[in-house]
Amino acid sequence: MPKRLKAYQEFVEDLEKRLQESGEVSQEELSKMIDTTKEYLQAASDLSKDEWQLIANYVRRDLSDWRNDYQRAYEESPSMMALKESIWYWLAKLSDQSQLEWHELIGDLQHQGVYQSGELIGLGTLECAECGNKTALWHPTIIEPCSECKSKRFYRHPISDSFE
């Protein structure tokens, strides 16, 4: 095993041990722990100061990548998506539907009743012009091609139809 890879592995193991002992830490505390781990391992190693700094930077980068991937996976999880849609549904249900429909009517007139994928649409029921597949929309959304037939043409029905 190459010397730097072994040092990286040792760094991660030592940092993991420190994190387990400390419990939950802030981002600032984590950064200090990384510096402490670097200094501790550097004192007992034949790698240079610059090599240890490089390893510490790799660890920071890898932790940042992991956090971003974890956050993205959480935000795109089915449970989070369902929660967001539920909140939009209840907000739409509590709002003044007549005012929302007047606003959407203007969009319907501009589109002459037909919407294309890629366009922004508000509340209501989106019906595929080809296969009739219907999707309830509770917030402004960019239209995606039909999930059933991949058609790109749609009709919008009033929000009141979505509550039935």
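Preceding this section is the structure that the text describes.
Just so you know, these numbers come straight off a predicted model, no measurement behind them.

Caption draft 1: Broad picture of the overall build of the protein. Helices and strands together make up the secondary structure of the protein, namely six helices and six strands. Walking the protein from its N terminus toward its C terminus, one meets helices and strands in the order α-α-α-α-α-β-β-β-β-β-β-α. Counting over 164 residues, the protein shows a buried share of 26%. Carbon together with sulfur atoms contributes 54% to the accessible area of the protein, which is approximately 11,400 Å² in total.

Caption draft 2: Broad picture of the side chain of Asp 14. By the secondary structure assignment, Asp 14 is in helix 1 (residues 3-22). At 3.5 Å, the side chain of Asp 14 forms a polar contact with the side chain of Thr 37. Not counting the four nearest positions on each side in its chain, Asp 14 is found in contact with Thr 37, Tyr 40 and Leu 41.

Caption draft 3: Broad picture of the sheet that holds strand 6 (residues 153-157). The four strands are arranged 1-6-3-4 in an open sheet whose pairing can be described as antiparallel. Unpaired on one side and paired on the other, strand 1 (115-116) and strand 4 (134-137) mark the two borders of the sheet. Of the strand pairs in this sheet, strand 3 (residues 124-128) and strand 6 are connected by four bridges, and their pairing is antiparallel. If you follow Cys 128 over to strand 6, its bridge partner there is Phe 154.

Caption draft 4: The arrangement of the pairing of strand 4 in detail. Bridge count between strand 3 and strand 4: four bridges; the pairing is antiparallel. By the bridge assignment, Thr 125 is partnered in strand 4 with Ala 136. Between strand 3 and strand 4, which pair antiparallel in sequence order, lie five residues; one of them, Gly 132, sits at a positive phi of approximately 80°.

Caption draft 5: Structural detail: the state of the cysteines. By the definition in use, this model includes zero disulfides. Free of any disulfide, Cys 131 has its nearest neighbouring cysteine sulfur in Cys 146, separated by 3.6 Å. Taking relative accessible area as the criterion, Cys 146 reaches 3% and is therefore assigned buried.

Caption draft 6: Representation of the packing of aromatic side chains. Counted according to the given criterion, the structure contains two aromatic pairs. Ring geometry for Trp 66 and Tyr 70: centres 5.4 Å apart, planes at 20°, overall stacked. Here Trp 66 and its partner Tyr 70 are both found in helix 3 (residues 49-75), four residues apart, which amounts to about one turn of the helix. Judged by its relative accessible area of 55%, Trp 66 is exposed.

Caption draft 7: Region of interest: the nonpolar core. Residues Ala 7, Phe 11, Leu 15, Met 33, Ile 34, Leu 41, Leu 47, Trp 52, Ile 55, Ala 56 and Val 59 constitute the largest nonpolar core, which totals 11 residues. For this core, the secondary-structure elements that each account for two or more residues are helix 1, helix 2 (27-43) and helix 3. Top contributing element to this core by residue count: helix 3, with four residues. Excluding residues within four positions of it along the chain, Ile 34 makes contact with Phe 11, Leu 15, Ala 56, Val 59, Arg 60 and Leu 63. Judged by nonpolar contacts, the second largest core, of eight residues, contains Leu 126, Cys 128, Ile 143 and Cys 146.

Cut-offs and rules
Sequence order as written defines residue numbering, which begins from 1 separately in each chain. Whole-chain, interface and lining totals are the exception, using all residues; otherwise, since this is a predicted model, local features are given only for residues with pLDDT of at least 70 and side-chain atom pairs are given and counted only at 80 or more. As a rule here, side-chain values come from all non-hydrogen atoms in the structure, and water together with hydrogens is ignored. For helices the rule is a DSSP run of H or I covering at least 4 residues; for strands it is a run of E covering at least 2, with both sets numbered from the N terminus onward. Burial classes: relative accessible area under 20% of the type maximum marks a residue as buried, over 50% as exposed, and values in between as partly exposed (1.4 Å probe, protein chains only). Per-residue and other accessible areas were derived by the Shrake-Rupley procedure at a 1.4 Å probe size, with only the shown protein chains allowed to occlude residues. Polar contacts, as counted here, are pairs of nitrogen or oxygen atoms within 3.5 Å of one another; within protein the pair requires one atom able to donate a hydrogen and one able to accept it, and residues that are adjacent in sequence qualify only if both atoms are side-chain atoms. Throughout, a contact is declared for two residues whenever any of their heavy atoms are within 4.5 Å. A pair of strands counts as paired when DSSP detects no fewer than two bridges linking them. Cysteine sulfur pairs qualify as disulfides if the two atoms are within 2.5 Å. Between the rings of Phe, Tyr and Trp (Trp by its six-membered ring), a pair exists once the centres lie within 6.5 Å; its type follows the angle of the planes, with under 30 degrees stacked, over 60 edge-to-face, and the other angles tilted. Among buried residues, the Ala, Val, Leu, Ile, Met, Phe, Trp, Tyr and Cys ones that are joined through side-chain atoms within 4.5 Å form a nonpolar core.

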